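Spelled out, the chains give:
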Amino acid sequence: MKPDAMTDASAVPYEGYSEAEKHAVLRKVTFSSFLGNFIEWFDYASYSYLATVIAIVFFPSEDPAVGVMSAFGVFALSFLVRPVGAIFWGNMGDKKGRKWALSVSILLMSGATFLIGCLPGYAMLGIGAPLLLLLLRMVQSFSAAGEYAGAATFIAEYAPHNHRGFYCSMVPASTATGLLVGSLLATFMFSTWGADSAFVVDWGWRIPFWLALPLGYITHFIRTHLEDSPVYEQMQKQLKAAGEEVAHPIRTLFKKHFRVLIISFGACVLNAVGFYAVLTYLPNYLETTLHYDPASASTITTIVLVVYIGFIFLSGRISDRFGRKKMLIGACVGFIALTVPAFLLLGTAVGMGGTGGFWLILVVELVMCLLLTINDGTLASYLTETFPTDVRYSGFALSFNLANAIFGGSASFISFWLIDVTGSDIAPAWYMVVIAVVALVAMIFTHDHSGKKLNDVE
């Protein structure tokens, strides 16, 4: 927590609370949002980093690359339901409250994740095994569609307006923490038993999915004992005094805020592709395409994620001072200029081998990581400030999840496919450059509401 954030009595706009009570409530809101989002991304990290094992269990093939592509194909297909989930949870979050949507979605998400860990493999169920895997991933993806947007919205509407970037950075930090724990677990399993050992193939890969159930219940319990956000409650009081109510948020979003929705979608595409490309695809790229040592690739990923979390908080703090638009444009320019050279250096580093190659790969990934945190640490606060309160959850959820459905979940699959079609190991880098150009155009046309009180956003 930022210690001076709670010293301003008007910083958090809920009445009747002492400073200590305000601090305690904000801490609970932040923790529950952190934990809920952590569960979602720990699952995604586990699936991605253990993709080679999941391919053995559900997609046995003579060609390991085909099995891995099939596993990532399921990963990509499950994202197609994210816009549907975003519409549902966004609508409910704007209509029935942030607390209701977040409390219900976490139970559905953690339950589906737990059941994935209970699935028998292809050897027992045949084609039924991957079909059930796809079904449960779709349920998980549907329920998770409101988690990131809802968590960020919940925090933003509680946080002091002049420190909103810092507090909202807790959400992407929880995402990186989920990836970090997933990476640590995969690294431990691979280094202790081996990626194709009987223990890992039969039981080890299931452990991270089983953990979702108790963690999900804890998150649900905390959320049900919180009040809804003060900004949302203030809007409800104003509507009640005027004899009105929040009706049809999605319709209002498309009717009155369509241009803003399109711009927000454009801003989200770089985050969607960049996040998966940098933090989950690169380890598989090093192993599958460049044939780098899996244990070393996992070690590098773990180091990068630790640094990434620190960068995220720094990015949030800086955005409070310099504004979201400048930060997001800077990230776009950085990806356009440095992505292709970064991929070329990775190929050179693998060819070098030894300690020198290891350190060069680490430096390249850290540079990419820094660029991504400039975007990721700023995007959550930017999106909460872009939409007014009556459609904030819907606008955030739909723009963010639509971008992830089209570009994020498919990033790893498309990257492998581009290499296969073009025969070029750096084809994914050019794909990233194109995406960064699209995001840059969107950011040029956006308005910056950094530091503005959320009830004043029109």
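Note: the structure precedes this text.
What you see is a predicted model, and the numbers here were worked out from it, not measured in a lab. (Residues numbered from 1 in each chain as written. Predicted model: local features only at pLDDT ≥ 70, side-chain atom pairs only at ≥ 80, totals over all residues. Heavy atoms only, no water.)

1. Describing the overall build of the protein
Tallying secondary structure elements over the protein gives 22 helices and zero strands in all. Over its C-alpha trace the protein gives a radius of gyration of 21 Å, about what one expects of a compact globule, namely 23 Å for 458 residues. A principal-axis box enclosing the C-alpha atoms of the protein has dimensions of 65 × 45 × 40 Å. Across the 458 residues that make up the protein, the buried fraction comes to 60%. A separation threshold of at least 6 residues defines the contact pool for the protein, and within that pool the share at least 24 residues apart is 85%. For the protein, the exposed surface amounts to about 17,200 Å²; the carbon and sulfur share of it is 69%. Here the protein contributes 27 positive and 31 negative side-chain charges, whose respective centroids are spaced 10 Å apart. (Helix = DSSP H or I, 4+ residues; strand = E, 2+ residues; numbered from the N terminus. Rg over C-alpha atoms; globule rule 2.2 N^0.38 Å. Buried < 20%, exposed > 50% of the residue type's maximum accessible area, 1.4 Å probe, protein only. Contact = heavy atoms within 4.5 Å. Areas by Shrake-Rupley, 256 points an atom, 1.4 Å probe, with all protein chains shown as cover. Lys, Arg positive; Asp, Glu negative; His and termini not counted. Charge placed at Lys NZ, Arg CZ, Asp CG, Glu CD.)

2. Digging into the nonpolar core
Counting residues in each nonpolar core, the largest one holds 133 residues, and the members touching the most others are Phe58, Leu133, Trp205, Leu279 and Phe335. Ranked by residue count, the leading element in this core is helix H16 (residues 258-289), at 17 residues. Core analysis: the second largest hydrophobic core is formed by eight residues, Ile39, Phe42, Ala144 and Ala212 among them. (Core = buried A, V, L, I, M, F, W, Y, C linked by side-chain atoms within 4.5 Å.)

3. Regarding empty space enclosed by the protein
Counted under the stated rule, the structure contains three cavities of 30 Å³ or more. Reported here for the largest cavity is a volume of approximately 100 Å³. Surrounding the largest cavity, Tyr49, Thr52, Ser183, Ala186, Phe190, Pro283, Asn284, Glu287, Ala297, Ser298 and Thr301 form its lining. Broken down by secondary-structure element, the contributors of at least two residues to the lining of the largest cavity are helix H10 (170-192), H16 and helix H17 (294-322). Here the lining of the largest cavity is built from residues that sort into five nonpolar, five polar and one charged. Of the pockets and cavities examined, the second largest cavity occupies roughly 60 Å³. What lines the second largest cavity is simply Val273, Ala277, Tyr281, Phe343, Ala411, Ser415, Pro428, Tyr431 and Met432. Only H16, helix H21 (411-422) and helix H22 (427-444) provide two or more residues apiece to the lining of the second largest cavity. (1 Å grid on protein atoms, 1.4 Å probe; cavity = no way out; pocket = protein on both sides within 12 Å on 5 of 7 lines; lining within 4 Å. Points joined across faces, edges and corners; volume = space filled by probe spheres on them. Nonpolar A, V, L, I, M, F, W, Y, C, P; charged D, E, K, R; others polar.)

4. Quick look at a nonpolar patch on the surface
Judged by side-chain polarity, Phe188, Trp193, Phe199, Trp203, Ile207, Trp210 and Leu211 come together as a nonpolar surface patch covering roughly 670 Å² of accessible area. Along the chain, the position of Trp210 falls in helix H12 (residues 207-210). (Patch = residues over 30% accessible without salt bridge, like charges linked within 9 Å, V, L, I, M, F, W, Y side chains within 5 Å. Salt bridge = Lys/Arg side-chain N within 4 Å of Asp/Glu carboxyl O.)

5. A word on the packing of aromatic side chains
Aromatic ring pairs are described here by two measures, namely the spacing of the ring centres and the angle between the planes. According to the stated counting rule, one finds 34 aromatic pairs in the structure shown. Each ring, one from Phe75 and one from Tyr276, has its centre 5.9 Å from the other, and the planes form 75 degrees; the classification is edge-to-face. Of this pair, Phe75 sits in helix H3 (residues 64-78) while Tyr276 sits in helix H16, and the two are 201 residues apart along the sequence. In this structure, Phe75 and Tyr276 share a single accessibility class: buried. Pairwise contacts between aromatic rings join Trp41, Tyr44, Tyr47, Phe72, Phe75, Phe79, Phe275, Tyr276, Tyr281, Tyr285, Phe343 and Phe416 into one cluster. Positioned above the aromatic ring of Trp203 is the side chain of Arg206, whose terminal nitrogen or guanidinium carbon lies 5.8 Å from the ring centre. (Phe/Tyr/Trp six-rings, centres within 6.5 Å; stacked < 30°, edge-to-face > 60°. Lys NZ or Arg CZ within 6 Å of the ring centre and 35° of its normal.)

6. Concerning the packing of H16 against helix H19 (residues 354-386)
Look at H16 against H19: their axes get within 10 Å of each other, and the N-to-C directions meet at 150 degrees. Judged by the inter-axis angle, H16 sits roughly antiparallel to H19. The chirality of how H16 crosses H19 is left-handed. When its residues are assigned to classes, the contact of H16 with H19 shows 17 nonpolar, five polar and two charged. (Axes fitted to C-alpha atoms, helices over the stretch in contact; angles between N-to-C directions. Parallel < 35°, antiparallel > 145°, perpendicular 65-115°, else oblique. Left-handed = near helix turned anticlockwise from the far one by under 90°.)

7. Remarks on the pattern of salt bridges
Should their charged atoms come close, side chains of opposite charge can pair. Scanning the entire structure with this criterion turns up nine salt bridges. The salt bridge involving Glu157 is made with Arg392; its shortest N-O contact spans 2.7 Å. In this pair, Glu157 is assigned in helix H8 (residues 147-158) and Arg392 in helix H20 (residues 392-408), connecting sequence segments 235 residues apart. With a relative accessible area of 1%, Glu157 lands in the buried category. Connected via shared salt-bridge partners are Asp94, Arg98, Glu157 and Arg392.

8. Brief notes about helix H14 (residues 230-241)
The end-to-end C-alpha distance of H14 is 16 Å, a good match for the 16 Å that 12 residues give at a rise of 1.5 Å each. When we look at burial in H14, the residues that qualify are Pro230, Val231, Tyr232, Met235 and Leu239. Where H14 ends, the next residue or the one after it, Gly243, has phi of about 75 degrees, a positive value. (Expected span 1.5 Å × (residues − 1).)

9. A closer look at the side chain of Gln140
Structurally, Gln140 is set in helix H7 (residues 128-144). Relative accessible area serves as the criterion here: at 0%, Gln140 is assigned to the buried category. Filtering out sequence-adjacent residues up to four positions away, Gln140 remains in contact with Glu40, Asp43, Tyr44, Met109, Ala112 and Thr113.

10. Section: the environment of Phe188
Looking at the secondary structure, you find Phe188 in helix H10. According to the relative accessible area criterion, Phe188 is partly exposed, its value standing at 47%. Spatially, the C-alpha atom of Phe188 lies 12 Å from that of Ser46, the residues being 142 residues apart in sequence.

11. With respect to helix H2 (residues 51-58)
In terms of residue burial, H2 counts as a mostly covered element, since six of its eight residues are buried. By the burial criterion, the buried members of H2 are Ala51, Val53, Ile54, Ala55, Val57 and Phe58. Packed against the buried residues of H2 are helix H1 (19-49), H3, helix H6 (122-125), H7, H10 and helix H11 (198-202).

12. Quick look at the environment of Leu370
Relative to the assigned elements, Leu370 resides in helix H19. For Leu370 and Val307, which are 63 residues apart along the polypeptide, the C-alpha to C-alpha distance reads 8.8 Å.

13. A word on the side chain of Asp228
Along the chain, Asp228 turns up in the loop between helix H13 (212-224) and H14. Within polar-contact distance, the side chain of Asp228 engages the backbone nitrogen of Arg98 at 3.2 Å. The contact partners of Asp228, leaving out residues within four places of it in the chain, are Lys96, Gly97, Arg98, Lys99, Phe154, Tyr158 and Glu233. (Polar contact = N/O pair within 3.5 Å; in protein donor to acceptor, adjacent residues only side chain to side chain.)

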